[in-house]
Amino acid sequence: MKLIKSTISKYKAGDIVFAKVSPRISLVVRRYMNGIYYCEFQNDPDRWELGLFLKALVGG
């Protein structure tokens, strides 16, 4: 019997979140794929995207 991973995510695209290591910088969730949240910086969208796990994020 094969186990299927759930693709339910806590945050949706467009949600504002913060990284636990730097909670003063706000991030915008772009997408959720394979257990990783891909976020861009809210105030500087030209910067690189971050890929973070759920346990590294704090909700906004």
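Let me sum up the structure you'll find in this document. (Residues numbered from 1 in each chain as written. Predicted model: local features only at pLDDT ≥ 70, side-chain atom pairs only at ≥ 80, totals over all residues. Heavy atoms only, no water.)

1. A few points about the pairing of strand β3 (residues 36-41)
- Only one face of β3 is covered, namely the one carrying Y37, C39 and F41; the face carrying I36, Y38 and E40 has none of its residues buried.
- Inspection of the sheet shows strand β2 (residues 22-33) paired to β3 by 6 bridges, in the antiparallel sense. The partner of L27 across the bridge, within β3, is F41.
- In this structure, the hairpin formed by β2 and β3 is closed by a connection of 2 residues, where N34 is found at a positive phi of approximately 55°.
- Relative to strand β4 (residues 50-52), β3 is paired through 3 bridges, and the arrangement is antiparallel. By the bridge assignment, Y37 is partnered in β4 with L52. (Buried < 20%, exposed > 50% of the residue type's maximum accessible area, 1.4 Å probe, protein only. Helix = DSSP H or I, 4+ residues; strand = E, 2+ residues; numbered from the N terminus. Pairing = 2+ DSSP bridges.)

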